[in-house]
Amino acid sequence: MSHADLLDPAPVFQLKGSMLAITVLELAHNDLARLDHQLSEKVAQAPNFFQNTPLVLALDKLQPGAQRLDLHALLAVCRSHGLRTLAIRANLAEHIAAAQALDLPVLPPSSARERPIGPGATAAPVPAKKPEKPAEPVIRPTRVVTTPVRGGQQIYAPGGDLLVLAPVSAGAELLADGNIHVYAPMRGRALAGIKGNGQARIFCRVLAAELLSIAGRYKVAEDLRRDPNWGEAVHIHLAGDVLNITRL
Amino acid sequence: MAKILVITSGKGGVGKTTTSAAIGTGLALRGHKTVVVDFDVGLRNLDLIMGCERRVVYDFVNVIQGDASLSQALIKDKRLENLYVLAASQTRDKDALSTEGVGRVMDELRESFEYIICDSPAGIEKGAHLAMYFADEAIVVTNPEVSSVRDSDRMLGLLASKSRRSENGEEPIKEHLLLTRYSPDRVTKGEMLGVEDVEEILAIRLLGVIPESQSVLKASNQGIPVILDEQSDAGQAYSDAVERLLGKETPHRFLDVQKKGFLQRLFGGRE
Ligand SMILES: Nc1ncnc2c1ncn2[C@@H]1O[C@H](COP(=O)(O)OP(=O)(O)OP(=O)(O)O)[C@@H](O)[C@H]1O
Ligand SMILES: [Mg+2]
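Residues numbered from 1 in each chain as written. Chains lettered and ligands numbered in written order. Predicted model: local features only at pLDDT ≥ 70, side-chain atom pairs only at ≥ 80, totals over all residues. Heavy atoms only, no water.

- Named according to an unreviewed UniProt entry, chain B is Septum site-determining protein MinD originating from Azotobacter beijerinckii.
- UniProt, in the comment section headed Function (unreviewed entry), describes chain B in these words: "ATPase required for the correct placement of the division site. Cell division inhibitors MinC and MinD act in concert to form an inhibitor capable of blocking formation of the polar Z ring septums. Rapidly oscillates between the poles of the cell to destabilize FtsZ filaments that have formed before they mature into polar Z rings."
- UniProt lists a comment for chain B under the heading Subunit (unreviewed entry), and it reads "Interacts with MinC and FtsZ." (UniProt positions renumbered as here; feature names shortened; annotations may be inferred.)

- Going by the annotation in an unreviewed UniProt entry, the name recorded for chain A is Probable septum site-determining protein MinC, with Azotobacter beijerinckii given as the source organism.
- Per UniProt, chain A carries the Subunit (unreviewed entry) text "Interacts with MinD and FtsZ."
- Entered under Function (unreviewed entry) in the UniProt record, the comment concerning chain A runs "Cell division inhibitor that blocks the formation of polar Z ring septums. Rapidly oscillates between the poles of the cell to destabilize FtsZ filaments that have formed before they mature into polar Z rings. Prevents FtsZ polymerization."

So, in structure tokens, the structure goes:
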């Protein structure tokens, strides 16, 4: 190549930004034998997925363990299952040094939210989203109270609904992370969605409450008494920032 | 089986001691061996209302502290064979009572009495707590006014959650509402809550309604429980309440404003 050719101004390249979907293997445990075994299972399920799949190997979620991570061996395990490591993501100096020794680029720990994917029907390099299995619903049993709740008593239903089948006296307090139902006169305080669940609702057979609150928005007796539904069977929900009281 | 019955209220001065004396006497009158125990340590009112204040030698605290035996401390009523009083100490305070000590005395009383009536002090502190802690049944004495109803409500909450029965997961204390110092006249004028209002708020069985009556003060000045004044409205109302406590259904009386008759209007009637 002549010197003149070198000075030819015609660009030989172009820099382009691109967002590419890439598979991240987030390693939880420094256990290469188990990784090997579990990857084999995945490969058996979706052989197409594991064909020269580009990969970012994330070490920043690794449980701290006594044993030192053998990065070279880890890359070998991945490669043996058709995963080609492009870079590692790490935050420990030890991991970063190991990657640099192998001339592997290092990405900073991710703050972006990644969604778990798995082998899908589509082939690499852009793996399709795994058909999402609905998350196991966490159902907390509703707390049911059948005796009157008296002044000075406080009842809390953590993580769920509170259902009261007897009168709630002035000076009594009901708390729930979910909804509150009172199938009797409600003369005390009811605070639903106390951990911030604005979808929570309050239901009561007779509205005579001292205070009603949903996700921290509240109305006190003075406001409630002026409501045309005072003394009625009502349902309370949050509309924007205001408690909305409607007749049942 | 012996029954421990606490007369309690939360609020002071509503008629607990008057009621303890009346109900205790009423049960003894009907043949049940009964003791009335004064838990109001430091004040000592029960013995006055029962008319035995001059015969108090040893008291409840003496028994708890082992200074006297129960038989030395029990005062036998001079009118009724079946009736005894265990007086409170006037020189001590409520700290002289302990759960363990009260429990021991209650167990011993259970052996020889059918009914043990505990006259609670006002409030929800230690003395009131100990008076109700061992109870099988409770009479919640309430006046027809908002503050008294609130305090009774609070006390009902404690009965349901802080008693020996609730702590052991046994059947809850049986609760009765006794409305005292009821004045139909003032209810009509809107100065007091009506029976239905109180019943609705407290939502427990109504044992009786005792009218506001001069006969109560008269009786307590004489040291004769008002239930023994059979002519008086309050005495009759207490008798009805005792009947209901023993399981008989009787209609409630003295709930309505008395229409004064022509002669009464002319000469002024008896209260
Ligand atoms: N039905 C009634 N009619 C009129 N006066 C009454 C009635 N019942 C109680 N009283 C009066 O009310 C006052 C308080 O009564 P009592 O001592 O029985 O109340 P208490 O609840 O035991 O009070 P404390 O809380 O101080 O122990 C007394 O003066 C009594 O005579
Ligand atoms: Mg008293």
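Now, onward.
Describing the domain arrangement of chain A
Move 1: For chain A, the domain assignment lists domain 1 (10-116) and domain 2 (143-247).
Move 2: Placing the centre of domain 1 of chain A and that of domain 2 of chain A at their C-alpha centroids yields a distance of 51 Å. (Domains from an automatic or database assignment.)

Here's the deal with the interface of chain B and chain A
Move 1: Across the contact, twelve residues belong to chain B and ten residues belong to chain A.
Move 2: At the junction of chain B and chain A, the tally comes to three salt bridges.
Move 3: Among the ionic pairs, B:D153 bridges to A:R150, the shortest N-O distance being 3.1 Å.
Move 4: Counting residues per element, the ones that place at least two in the side of chain B that touches chain A are helix 7 (146-161) and helix 10 (195-202) of chain B.
Move 5: The dominant element in the side of chain B that touches chain A, judged by the number of residues it contributes, is helix 7 of chain B, at six residues.
Move 6: Its residues placed into classes, the side of chain B that touches chain A shows five nonpolar, two polar and five charged. (Contact = heavy atoms within 4.5 Å. Salt bridge = Lys/Arg side-chain N within 4 Å of Asp/Glu carboxyl O. Helix = DSSP H or I, 4+ residues; strand = E, 2+ residues; numbered from the N terminus. Nonpolar A, V, L, I, M, F, W, Y, C, P; charged D, E, K, R; others polar.)

Let's talk about the UniProt feature "domain: Septum formation inhibitor MinC C-terminal" (unreviewed entry) in chain A
Move 1: Taking the UniProt record as the reference, the feature "domain: Septum formation inhibitor MinC C-terminal" (unreviewed entry) is found at residues 144-245 of chain A.
Move 2: Counting secondary structure, residues 144-245 of chain A comes out at 6% helix and 47% strand; the distance between its end C-alpha atoms is 24 Å.

Here we look at helix 12 (residues 233-245) of chain B
Residues and elements named next belong to chain B.
Move 1: With 13 residues, helix 12 should cover 18 Å at 1.5 Å per step; its first-to-last C-alpha distance of 18 Å lies within 8% of that length.
Move 2: For helix 12, every residue scored as buried is listed here: A234, G235, A237, Y238, S239, D240, A241, V242, E243, R244 and L245.
Move 3: Of the residues one or two after helix 12, G247 is the one with positive phi, at around 100°. (Expected span 1.5 Å × (residues − 1). Buried < 20%, exposed > 50% of the residue type's maximum accessible area, 1.4 Å probe, protein only.)

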